[in-house]
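# Survey of secondary and tertiary structure
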Amino acid sequence: MFPERWEYHVAEPINDLINWMLHTFQGLFDGISSTILTLLLFLNEVLTALPWWLYIVIVCVLAWVTTKSIITTIVLMTLPLVIGMFGLWELAVVTLSVILTAVIVSIVIGIPVGVLMAESNFIAGIVRPLLDLMQTMPSFVYLIPALMFFGLGRVPAVLATIIYSLPPVIRLTNLGLRQVSDDVQEAATSYGATRWQLLKEVRVPLAIPSILAGVNQTTMMALAMVVIASMIGGGGLGYEVLRSINRIDVGAGFEAGISVVILAVIIDRLTQGLAKRWEPPTV
Amino acid sequence: MSKTAEPKNAIEVTNLWKVFTSDARQIDFEDKQKLQELEDSDEDTVAVRDISFSVQKEEVFVVMGLSGSGKSTLIRCLLRLAEPSSGKININGWDVCNLDAEQLTEFRRKEAAMVFQHYGLLPHRNVLDNVAFGLKLQGIEKKERYERAMHWIERVGLTGFEHYYPAHLSGGMQQRVGIARALICNPPVLLMDEPFSGLDPLIRREMQDELVEIQDRVKTTIFFVTHDLDEGMRLGNRMAVMRKGRFVQVDTPDEILADPADEYVARFVQDKRTQIEKANKKKTTTSA
Ligand SMILES: Nc1ncnc2c1ncn2[C@@H]1O[C@H](COP(=O)(O)OP(=O)(O)OP(=O)(O)O)[C@@H](O)[C@H]1O
Ligand SMILES: [Mg+2]
């Protein structure tokens, strides 16, 4: 046996630290919490208010505009019907609002951070290891800080999803900006473009396909997180999966699982199609 | 104020050095021995060595040299696209090496425009927006921008292609866009880095003629870089032959042809001389 007198516990000081932080930065945590909650509730309200057929119409239009393929459009249109058929429509809408909230916050944070990384090697040097850390950690780990600071419920679920899905959009924004050809940048500079103009007129527009690929991946990561996030109160389809696991109800788990996959496929196709449309023309 | 009274010459360069060092250390350009070490070193590239020259207003000054002789580095130094290591550059009274960021932007917008070998057009903008790009940077409003752009598009013979994207144009047409984009800013100095090198001979010839014609009308100073002797002789009022970062001879094309300064220049012009001699012989035999 390991000698008992060598035992040393850090659980207590850590709990103390958390309590101290909660107390000291209460305003900050409340701010984050209420911002996320407001956005989430708003999106949830809007998405719930939309009639089911409007979703089909929206998917149809977007699919046609982005892919210009009749088969893809028809397949993407029919898929949501399957979710409705399983009786999971409402839960899917809840999941959609959680994902949308997480993705919107990720974009709002991720794109500027990516731009800063591309602009400054110093910042890139600080952020990159953080991103590596975020991506190597098992997704369950994100539940802990979220749980610590925000308890159980939808807000911590969204927060854990945000942390998990943030890296791709940052990385691909940075990458896209750095990949813009030197020839074009030099020409723009020679005509007296300031650093800001270079960013706004040349680098960001040319990086948009890459940025959108990042948004696409971020969305996929968020979807992958919904089941896990439902453990701390994310609700929606994820919770349905979780409940089926607990009850060993394979059938119900299958239905909910397939619905998550369908959401993923639709969102993936649509955002990828969107990214393609932004590519500058090539020969 | 960094701009002094209007000088006689459009471009004046004195003792310009550009060294690409492996690290960002300071170099003392007065120390002759250090300089020698620098030239022998493998890590550091001396791309421009102690170059001095001046270009008069409205003159076409050609810099000719083989690949890697430092032509691009030199022309990029003039706009500080490459940061000169040492020396002085004066362009129309602007002390280029001592401008702060804001002055540099103003200088680039007002005093000079550059045409690039690889065109450097914005792939996500159509011809109209590419030509108007310089004006947009200056904050000129859309209506005027497009009017002036249309004028230049017409002058370079691209009417009807305003809404094409660069990827859908041939090399020659892309370079016409590049030239229109430069000239729309009315630059007192036009810098051209091998603008026609990527084009096939016939188109190249055509573009050279057009450049001469444009120069006759707009009367700007042109600093033209090429590795093609014929091109240099056709366009240049004066020509500098560059080798390993140095100007080995600066003279009129005729003088260079008649009296090459050294072995290197002589080899350069040899073909051209035999060509001319042959032509002359033919003329005399046919007339006899
Ligand atoms: N950014 C850079 N870093 C390091 N070395 C460089 C850099 N740019 C150019 N050089 C070096 O400087 C020298 C001159 O290059 P430069 O491009 O000016 O030649 P050039 O005469 O324009 O040739 P070309 O006809 O191929 O365009 C070359 O040896 C090149 O390797
Ligand atoms: Mg070059």
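Heads up: the structure comes first, above all this text.
Residues numbered from 1 in each chain as written. Chains lettered and ligands numbered in written order. Predicted model: local features only at pLDDT ≥ 70, side-chain atom pairs only at ≥ 80, totals over all residues. Heavy atoms only, no water.

### Description of the nonpolar core
To be explicit about the condition: Among the buried residues, those of types Ala, Val, Leu, Ile, Met, Phe, Trp, Tyr and Cys that are joined through side-chain atoms within 4.5 Å form a nonpolar core. Burial here depends on accessible area, computed with a 1.4 Å probe over protein chains only, as a share of the maximum for the residue type. Under 20% is buried, over 50% is exposed, and the range in between is partly exposed. Secondary structure elements follow DSSP: runs of H or I of four or more residues count as helices, runs of E of two or more count as strands, with numbering from the N terminus. For this analysis, residues touch if any pair of their heavy atoms sits within 4.5 Å.
Ranked by internal contacts, the top residues of the largest apolar core, which has 58 residues, are Val202 of chain A together with Val131, Ile179, Leu190, Met192 and Phe224 of chain B. Here this core takes 6 residues from helix H7 (residues 171–183) of chain B, the largest share from any one element. Those residues in contact with Phe224 of chain B, other than ones at most four positions away along the chain, are Phe61, Val62, Val63, Met192, Pro195, Phe196, Leu211, Glu231 and Leu235 of chain B. If you look at the next biggest cluster of nonpolar residues, it comprises 36 residues, including Cys97, Leu99, Val189 and Leu191 of chain B.

### A short note on the interface of chain B and chain A
This is how the line gets drawn: In short, buried area is how much 1.4 Å probe accessible area vanishes from two parts on joining, totalled over both. What makes a salt bridge here is a side-chain nitrogen of Lys or Arg within 4 Å of a carboxyl oxygen of Asp or Glu, nothing more. Polar contact criterion, stated in full: a pair of N or O atoms within 3.5 Å, where within protein one must be able to donate a hydrogen and the other to accept it, and residues adjacent in sequence count only if both atoms are side-chain atoms.
Facing 27 residues of chain B, the contacting portion of chain A comprises 20 residues. For the chain B and chain A pair, buried surface summed over both sides reaches about 2,000 Å², with 64% attributable to carbon and sulfur atoms. The interface formed by chain B and chain A contains 3 salt bridges. Across the pair Arg76 of chain B and Glu186 of chain A runs a salt bridge whose closest N-O atoms are separated by 2.6 Å. For the pair chain B and chain A, the number of links is 8 residue pairs in polar contact (both at pLDDT 80 or more).

### What to know about the site of ligand 1
All names here are of chain B. The condition that has to hold: We call a residue near a molecule or strand as soon as one heavy atom of that residue lies within 4 Å of the molecule or strand. We get accessible surface area from the Shrake-Rupley algorithm with a probe of 1.4 Å; when it comes to residues, only the shown protein chains can shield them.
With respect to spatial proximity, the complete set of residues near ligand 1 consists of Phe20, Thr45, Ala47, Leu66, Ser67, Gly68, Ser69, Gly70, Lys71, Ser72, Thr73 and Glu194. At 2.5 Å from an oxygen atom of ligand 1 is found a side-chain nitrogen or oxygen belonging to Ser67. One nitrogen or oxygen atom from the side chain of Glu194 is found 3.0 Å from an oxygen atom belonging to ligand 1. Summarising the interface, the protein chains cover 60% of the accessible area of ligand 1, which totals 630 Å² for the free molecule.

### Details of the packing of aromatic side chains
Keep this limit in mind: Planes of paired rings set the category: under 30 degrees apart is stacked, over 60 is edge-to-face and the rest tilted, where pairs are Phe, Tyr or Trp rings (Trp by its six-membered ring) whose centres lie within 6.5 Å. Any Lys NZ or Arg CZ found within 6 Å of a ring centre and within 35 degrees of that ring's normal is scored as a charge over the ring.
One pass over the full model with this rule turns up 14 aromatic pairs over all chains. Aromatic pair Phe2 of chain A and Trp6 of chain A: ring centres 6.0 Å apart, planes at 75°, arrangement edge-to-face. As far as burial versus exposure is concerned, Phe2 of chain A and Trp6 of chain A are alike and both exposed. For the ring pair Phe161 of chain B and Tyr164 of chain B, a centre distance of 4.9 Å and an interplane angle of 65° mean the geometry is edge-to-face. Through successive ring pairs, a cluster of aromatic residues spans Phe53, Phe61, Phe223 and Phe247 of chain B. Looking at Arg145 of chain B, its charged tip hangs above the ring of Tyr146 of chain B, at a distance of 5.8 Å from the centre. Here the guanidinium or amino end of Arg155 of chain B rests over the ring plane of Trp152 of chain B, the centre of that ring lying 4.5 Å away.

### Things to note about the sheet that holds strand E9 (residues 238–243) of chain B
All names here are of chain B. What counts, and what does not: A pair of strands counts as paired when DSSP detects no fewer than two bridges linking them. Axis lines are fitted through C-alpha atoms, for helices just across the contact stretch, and the angle between N-to-C directions can take any value from 0 to 180 degrees.
On the basis of which strands lie adjacent, the open sheet formed by 6 strands has the order E6-E7-E8-E3-E9-E10 and mixed pairing. Here the strands that pair on one side only, and so sit at the sheet edges, are strand E6 (112–115) and strand E10 (246–251). Strand-to-strand twist across the sheet, computed as the mean angle between neighbouring axes with direction ignored, equals 15°. Taken together, the 4 bridges between E6 and strand E7 (residues 189–193) define a ladder with parallel strand orientation. Bridge assignment links Ala113 to a residue of E7, and that residue is Leu190. The strands that H7 touches are E6 and E7; relative to E6, the one it contacts most, it runs at about 175°.

### Concerning the side chain of Thr105 of chain B
Assignment of secondary structure puts Thr105 of chain B in helix H3 (residues 101–110). A relative accessible area of 13% places Thr105 of chain B in the buried class. Among the polar contacts made by the side chain of Thr105 of chain B, one reaches the main-chain carbonyl oxygen of Ala101 of chain B at a distance of 3.0 Å. Setting aside chain neighbours within four positions, we find Thr105 of chain B in contact with Gly192 and Thr194 of chain A.

### Some details on the packing of helix H5 (residues 89–119) of chain A against helix H10 (residues 195–229) of chain A
All names here are of chain A. Going by this rule: By definition, turning the near helix anticlockwise from the far helix through less than a right angle yields a left-handed crossing, and turning it clockwise yields a right-handed one. Residue polarity is assigned by list, with Asp, Glu, Lys and Arg as charged and Ala, Val, Leu, Ile, Met, Phe, Trp, Tyr, Cys and Pro as nonpolar; anything else, Gly included, falls into the polar class.
As a packed pair, H5 and H10 sit with axes 8 Å apart at the nearest point and diverge in direction by 145°. Considering the relative orientation of H5 and H10, their crossing is right-handed. Contact residues: Thr95, Ile99, Val103, Ser106, Ile107, Ile111, Val115, Ala118 and Glu119 in H5; Arg195, Leu199, Arg203, Ile211, Val215, Thr218, Thr219, Ala222, Leu223 and Val226 in H10. Residue composition of the contact of H5 with H10, by class: 12 nonpolar, 4 polar and 3 charged.

### Focus: the sheet that holds strand E1 (residues 9–20) of chain B
Either a parallel or an antiparallel arrangement is found when strands of a sheet pair, and the pairing is made through backbone hydrogen bonds. Residue and element names in this part refer to chain B. Judged by pairing direction, the sheet is antiparallel, and its 4 strands sit side by side in the order E2-E1-E4-E5 without closing on themselves. For this open sheet the edge positions go to strand E2 (45–56) and strand E5 (94–95), each flanked by a neighbour on one side alone. Examined bridge by bridge, E1 and strand E4 (residues 86–91) share 5 bridges and lie antiparallel to one another. When the bridges of E4 are listed, Trp17 appears paired with Ser86. Against the sheet, helix H2 (residues 71–78) makes contact with E1, E2 and E4, and its axis sits at roughly 120° relative to E1, the strand it touches most.

Remember, this is a structural readout, not a statement about activity or role.
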